[in-house]
Amino acid sequence: MGSEHATIVGVATGTPDGGVAIVRLSGPRAEEIGRALYGETPAARVLSRRRLRLSADAGGAEDALVVRMPGPGSFTGEDVVELHIHGGQLNVRSVVERLLALGAVAADAGAFTRRAFEHGRLGLDQAEGIAALIAAQTDAALDQARRLVAGDLGREVDVLIGRVHGLRSEVEANLDFPDDVAEGDLGRWCAEISGLAAVLESWVVRFEASRRSRERPRVVLAGPPNAGKSALFNALLGRARAIVSPLPGTTRDYVEAELRLGTHELMLVDTAGLREARDVVEDAGIVRSREQMDGADLVVWVEAADTELLGPPAGEVVCVENKRDLGMLRAGWVGAVATLQGVDEVRAVLERWSEARGRSPWIGLARHRDRAGDALVALEEAEGLLSAEGPLEVIAFQLCIVEQRLAEVGGRGMLGPIGDEVLRSIFGRFCIGK
């Protein structure tokens, strides 16, 4: 029996040393193999207590909760049996090995989710959302992954596909009589294509904003030496992470640490002070400081009242005027705060910035952006041909390509299923048991 038709087994929970582990069977022999392990078949979709016969003697039994989920109403669309057993690496392995001996096949990475996709239980975008959910490192990433799993992107895509299909149908209805197409129809078609292109352009632009919001932003403290950057760094963290000294040039390399602000997480980076270097070591530190500033999502520029003011860099900058009783809000700067005693105000500014950044709209993942970009190119071709009164056949063909590229977001298209190489690449990033 080919592996694509085999009954597969995998551990659906995390590390097997937890209190409980779930071992999942899926495939045409799932119930048969289950019965060989625990005897009487439990009612469908009801957790039932069973003794798992792992060896010939009674001492080899494992007490478990069993749930049977017949296809096609299961997660994978196939017959599924889940065994809720005691955790522990040896115990979990003994159960899996018994199932393998009874005829199951070890599941590859992402095998269960791939079967759910192949049986129409999930779109490919939703399957990718599951992988993104597991890998999420920020609240924004978690929110976007949940929206993918819920099918939000797929529904947006379906609406757009419907609009493209309706337009293509109109164009194709006039293929035999192109000279009879009214000026009003041409104008309406052009307007519709322009509207569709605007939607796709916004998707492509939105992708970068959503990508950045999924990642933990880098907030870099920069400014001249002895301005209080390291002291502010420690104050924000609430612990002494960086060395603080009244001597200028104490920080020679950048120091970074995770900082949580409410529901937001960011990477806070302390850097060497910017001035004319006094030696090669300080020069190397200043070079790294500038590199950190170039790669920052936000620069917190710290200046002291008793030092020569250098002025902040370009880009998104929060100004902190240290060792001064009164802060100044300067044009073009995100915000300003006064003195280290006002560290709560610094924290509040950063939290507001994180909140605004986390509200970025979304499109999904890189593959979704690429398919939307391909669709946009084909749509622009159709728009150019229509404006030049080109052949309706070619315009209809370009619209067909638009539909195909958008359909590929969900993993299906008018020209057949998405390529196996793409599927292997996507599902190969999943963990075993998903």
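Bear in mind the structure is a predicted one, so any value in this text is a computation, not a measurement.

**Thoughts on the overall build of the chain**
1) Next: The number of helices and strands found in the chain is 13 helices and twelve strands.
2) Next: Out of the 434 residues belonging to the chain, those deemed buried represent 45%.
3) Next: Residue pairs in contact within the chain that sit at least 24 positions apart in sequence constitute 60% of those at least 6 positions apart.
4) Next: If you sum the accessible surface of the chain, you get close to 20,800 Å²; carbon and sulfur atoms cover 53% of it.

**So, the pairing of strand β8 (residues 255–261)**
1) Next: Only one face of β8 is covered, namely the one carrying Val255, Ala257, Leu259 and Leu261; the face carrying Glu256, Glu258 and Arg260 has none of its residues buried.
2) Next: Taken together, the seven bridges between β8 and strand β9 (residues 264–270) define a ladder with antiparallel strand orientation. Pairing of Leu259 across the sheet is with Leu266, part of β9.
3) Next: As consecutive antiparallel partners, β8 and β9 are separated by two residues, and within that stretch Gly262 has a phi angle of approximately 65°, a positive value.

**Quick notes on unusual backbone geometry**
1) Next: Of the consecutive residues Gly71 and Pro72, the connecting peptide bond is found in the cis state with omega at 0°.
2) Next: With respect to the helices and strands, the residue Pro72 is situated in the loop between β4 (61–69) and β5 (80–86).
3) Next: With a phi angle near 60°, Arg45 is a residue other than glycine that sits in the positive phi range.
4) Next: Examined against the element boundaries, Arg45 turns out to sit in the loop between α1 (30–38) and β3 (48–53).
5) Next: Classification of Arg45 by relative accessible area gives partly exposed; the value is 47%.

**Thoughts on helix α3 (residues 111–118)**
1) Next: Of all eight residues making up α3, seven are buried, and the element is well covered by its neighbours.
2) Next: Those residues of α3 not exposed but buried are Ala111, Phe112, Thr113, Arg114, Arg115, Ala116 and Phe117.
3) Next: At the exit of α3 stands Gly120, carrying a positive phi of roughly 75°.

**Remarks on the pattern of salt bridges**
1) Next: Under the criterion given, the structure shown has 21 salt bridges.
2) Next: A salt bridge links Arg49 to Asp63, with the nearest nitrogen and oxygen atoms 2.7 Å apart. Of the two residues, Arg49 sits in strand β3 while Asp63 sits in strand β4, which places them 14 residues apart along the sequence.
3) Next: Taking the shortest distance from any N to any O, the salt bridge between Arg147 and Asp143 comes out at 3.9 Å.

**Quick word on the environment of Arg290**
1) Next: Here Arg290 lies in helix α9 (residues 280–294).
2) Next: Given the relative accessible area of 44%, Arg290 is considered partly exposed.
3) Next: Distance in space between the C-alpha atoms of Arg290 and Leu274 is 8.4 Å, their sequence separation being 16 residues.

**Quick word on the sheet that holds strand β6 (residues 105–106)**
1) Next: Strand order in the open sheet formed by six strands is β3-β4-β5-β2-β1-β6, with mixed pairing between adjacent strands. Every other strand in the sheet has two partners, leaving β3 and β6 as the edge strands with one partner each.
2) Next: In terms of strand pairing, strand β2 (residues 20–26) meets β5 through seven bridges, oriented antiparallel. Paired with Val23 across the bridge in β5 is Leu83.
3) Next: With respect to the sheet, α3 is in contact with β1 (8–11) and β2, its orientation differing from that of β1 by roughly 130°.

**Side note on the packing of aromatic side chains**
1) Next: Scanning all chains against the criterion turns up zero aromatic pairs.
2) Next: Above the ring of Phe112, the side-chain terminus of Arg24 is found at 5.3 Å from the ring centroid.

**Digging into the confidence of the model for the chain**
1) Next: Of the residues in the chain, 79% reach a pLDDT of 70 or more, and the chain-wide mean stands at 80.
2) Next: Note that residues 325–341 has pLDDT below 50 and, in this model, 42 contacts with residues that lie over four places away or in other chains.

**Here's the deal with the nonpolar core**
1) Next: Trp189, Leu200, Leu379, Leu399 and Leu406 are the most contacted members of the largest nonpolar core, which totals 31 residues.
2) Next: Where this core is concerned, the elements lending two or more residues are α6 (152–173), α7 (183–214), α11 (366–387) and α12 (392–407).
3) Next: With residues near it in sequence (within four places) discarded, Leu379 still touches Ile193, Leu196, Ala197, Leu200, Leu399 and Val402.
4) Next: Membership of the second largest hydrophobic core comes to 23 residues, among which are Leu237, Val343, Val346 and Leu350.

**Describing the side chain of Asp270**
1) Next: Mapped onto the elements, Asp270 comes out in strand β9.
2) Next: For the buried Asp270, which has no salt bridge, the nearest side chain bearing the opposite charge is Lys229, at an N-O separation of 5.7 Å.
3) Next: In this structure the side chain of Asp270 is engaged in a polar contact, spanning 2.5 Å, whose partner is the side chain of Ser230.

**Points about the environment of Ala109**
1) Next: Tracing the backbone shows Ala109 in the loop between β6 and α3.
2) Next: When its relative accessible area of 28% is taken as the criterion, Ala109 is described as partly exposed.
3) Next: Distance from Ala109 to Phe430, taken between C-alpha atoms, is 5.3 Å for residues 321 residues apart in sequence.

**Structural notes on the side chain of Asp125**
1) Next: Mapped onto the secondary structure, Asp125 falls in helix α4 (residues 124–135).
2) Next: Of the side chains with opposite charge, Arg367 comes closest to the buried, unpaired Asp125, at an N-O distance of 6.0 Å.
3) Next: Here Gly154 takes part through its backbone nitrogen, which lies 3.3 Å from a polar atom of the side chain of Asp125.
4) Next: Discounting residues that sit within four places of it in the chain, Asp125 has contacts with Leu148, Leu153, Gly154, Arg367, His368, Val409 and Gly410.

The rules behind each value
Residues numbered from 1 in each chain as written. Predicted model: local features only at pLDDT ≥ 70, side-chain atom pairs only at ≥ 80, totals over all residues. Heavy atoms only, no water. Helix = DSSP H or I, 4+ residues; strand = E, 2+ residues; numbered from the N terminus. Buried < 20%, exposed > 50% of the residue type's maximum accessible area, 1.4 Å probe, protein only. Contact = heavy atoms within 4.5 Å. Areas by Shrake-Rupley, 256 points an atom, 1.4 Å probe, with all protein chains shown as cover. Pairing = 2+ DSSP bridges. Salt bridge = Lys/Arg side-chain N within 4 Å of Asp/Glu carboxyl O. Axes fitted to C-alpha atoms, helices over the stretch in contact; angles between N-to-C directions. Phe/Tyr/Trp six-rings, centres within 6.5 Å; stacked < 30°, edge-to-face > 60°. Lys NZ or Arg CZ within 6 Å of the ring centre and 35° of its normal. pLDDT = per-residue confidence, 0-100. Core = buried A, V, L, I, M, F, W, Y, C linked by side-chain atoms within 4.5 Å. Lys, Arg positive; Asp, Glu negative; His and termini not counted. Polar contact = N/O pair within 3.5 Å; in protein donor to acceptor, adjacent residues only side chain to side chain.

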